[in-house]
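Structural features, examined
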Amino acid sequence: MSATVVRLLPADEQAILKAYVEGTAEPDNDAFAAFEIPEEAQPSRLEVAVAQILLSRIQDSLPQWSMMRDDELVVNRKEHKRHKDARLNFSPKLICIINWADSGPGYSWPEAYYVTYLPGFNKFVITSSRDGDDVWGCADHAIGVADGSLDPVEAAKDIIIEFWRSQFGDWDQSRWAYLFDTGLIGNKTANEWADEVWSHEEAVVDEEEDEDEEVA
């Protein structure tokens, strides 16, 4: 870690980022206290804290569910703040925003993927952000780390594909429906990545439908 990064990052944030990208021992509970990580979150508190540090500057751009209730705007995403002594602002780059499904008028399930370069560590961290904590128990968490010498898209590709693959393998997650927004990749590339996870499943379904038609 460079001396510049040491000067610009408070000790707690240094310890959290170093534990995640270098696999060192996690800091004690005090280092996580300011991040108010929900106890029911499925990702580790380290993964949640890393995402909150890296995405803090762009919180207003992340997926957000909202509604009006008695002339009051109700939102689903809780604002989080960085350490008061943090002076290094990170620059997350949007990969894309997918929509897993539309479960009703005005009810979608967006998920945004960002890649952020960590100066001083020479690493990229890829994060996943949703419009609330309904699914994972948190709105944001880090999903992987990649070498900083890679192109940002290449750094994100395998990590996002593996993130989708784990959901397909763990609970038979269906393929996402469409893109809400493009970033470093567009619709063609996003679907090519999805094909690496779900194309086999779709081929099996097509074969089963063909067999049913032959029987009929």
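Notes on the structure follow. Fair warning: this is a prediction, and the values are worked out from it, not measured in the lab. (Residues numbered from 1 in each chain as written. Predicted model: local features only at pLDDT ≥ 70, side-chain atom pairs only at ≥ 80, totals over all residues. Heavy atoms only, no water.)

Looking now at the overall build of the protein chain. The secondary structure content of the protein chain amounts to 6 helices and 7 strands. Going residue by residue from the N terminus, the α and β elements of the protein chain occur as α-α-α-α-β-β-β-β-β-β-α-β-α. Here the protein chain holds 216 residues, and the buried ones make up 43% of them. Total accessible area on the protein chain is roughly 11700 Å²; 46% of this is exposed by carbon and sulfur atoms. (Helix = DSSP H or I, 4+ residues; strand = E, 2+ residues; numbered from the N terminus. Buried < 20%, exposed > 50% of the residue type's maximum accessible area, 1.4 Å probe, protein only. Areas by Shrake-Rupley, 256 points an atom, 1.4 Å probe, with all protein chains shown as cover.)

Counted according to the given criterion, the structure contains 10 salt bridges. For Glu-111, the salt bridge goes to Arg-130, with nearest N and O atoms at 3.1 Å. In this pair, Glu-111 is assigned in strand E4 (residues 107-118) and Arg-130 in strand E5 (residues 123-130), connecting sequence segments 19 residues apart. Take Glu-111 and Arg-130: they sit in the same class, and that class is buried. (Salt bridge = Lys/Arg side-chain N within 4 Å of Asp/Glu carboxyl O.)

A few words on unusual backbone geometry. At Asn-122, a position not held by glycine, the phi torsion is positive, near 55 degrees. If you trace the backbone, Asn-122 turns up in the loop between E4 and E5. A positive phi angle is found at Asp-172, which is not glycine, with a value near 55 degrees. With respect to the helices and strands, the residue Asp-172 is situated in the loop between helix H5 (152-171) and strand E7 (178-182).

Here we come to the packing of aromatic side chains. Describing an aromatic ring pair means giving the distance of the ring centres and the angle of the ring planes. Inspection of every chain in the model, using the stated rule, returns 9 aromatic pairs. When the ring of Tyr-113 is compared with that of Phe-163, the centres are 6.3 Å apart and the planes differ by 80 degrees; the resulting orientation is edge-to-face. One end of the pair, Tyr-113, is in strand E4; the other, Phe-163, is in helix H5, with 50 residues separating them in the sequence. Each ring, one from Trp-136 and one from Phe-163, has its centre 5.7 Å from the other, and the planes form 25 degrees; the classification is stacked. Taken together, the positions of Trp-136 in the loop between E5 and strand E6 (140-147) and Phe-163 in helix H5 put the pair 27 residues apart, joining distant regions of the chain. Aromatic rings pair up to connect Trp-100, Tyr-113, Trp-136, Phe-163, Trp-164, Trp-171, Trp-176 and Trp-198 into one cluster. (Phe/Tyr/Trp six-rings, centres within 6.5 Å; stacked < 30°, edge-to-face > 60°.)

Here we come to the nonpolar core. Among the nonpolar cores identified, the biggest contains 51 residues, and Leu-17, Val-50, Ile-95, Tyr-113, Ile-160, Trp-164 and Trp-176 are the most heavily contacted of them. Going through the elements one at a time, helix H2 (11-22), helix H4 (45-55), strand E3 (93-104), E4, E5, E6, H5 and helix H6 (187-215) are the ones with two or more residues in this core. Looking at this core, the element that brings in the most residues is H5, giving 8 residues. Discounting chain neighbours no more than four positions away, the residues touching Tyr-113 are Lys-93, Leu-94, Ile-95, Cys-96, Ile-98, Trp-100, Thr-127, Ser-128, Ile-143, Ile-160, Phe-163 and Trp-164. Of all hydrophobic cores here, the second largest spans 8 residues; its members include Leu-55, Ile-58, Ala-112 and Tyr-114. (Core = buried A, V, L, I, M, F, W, Y, C linked by side-chain atoms within 4.5 Å. Contact = heavy atoms within 4.5 Å.)

Now for H5. Here H5 is 20 residues long and its end C-alpha atoms lie 29 Å apart, about the 28 Å a rise of 1.5 Å per residue gives. By the burial criterion, the buried members of H5 are Val-153, Ala-155, Ala-156, Ile-159, Ile-160, Ile-161, Phe-163, Trp-164 and Gln-167. For H5, the side-chain oxygen to backbone nitrogen distance between the N-cap and Val-153 is 2.9 Å, and the N-cap itself is Asp-151. One or two positions beyond H5, positive phi appears at Asp-172, with a value near 55 degrees. (Expected span 1.5 Å × (residues − 1). Polar contact = N/O pair within 3.5 Å; in protein donor to acceptor, adjacent residues only side chain to side chain.)

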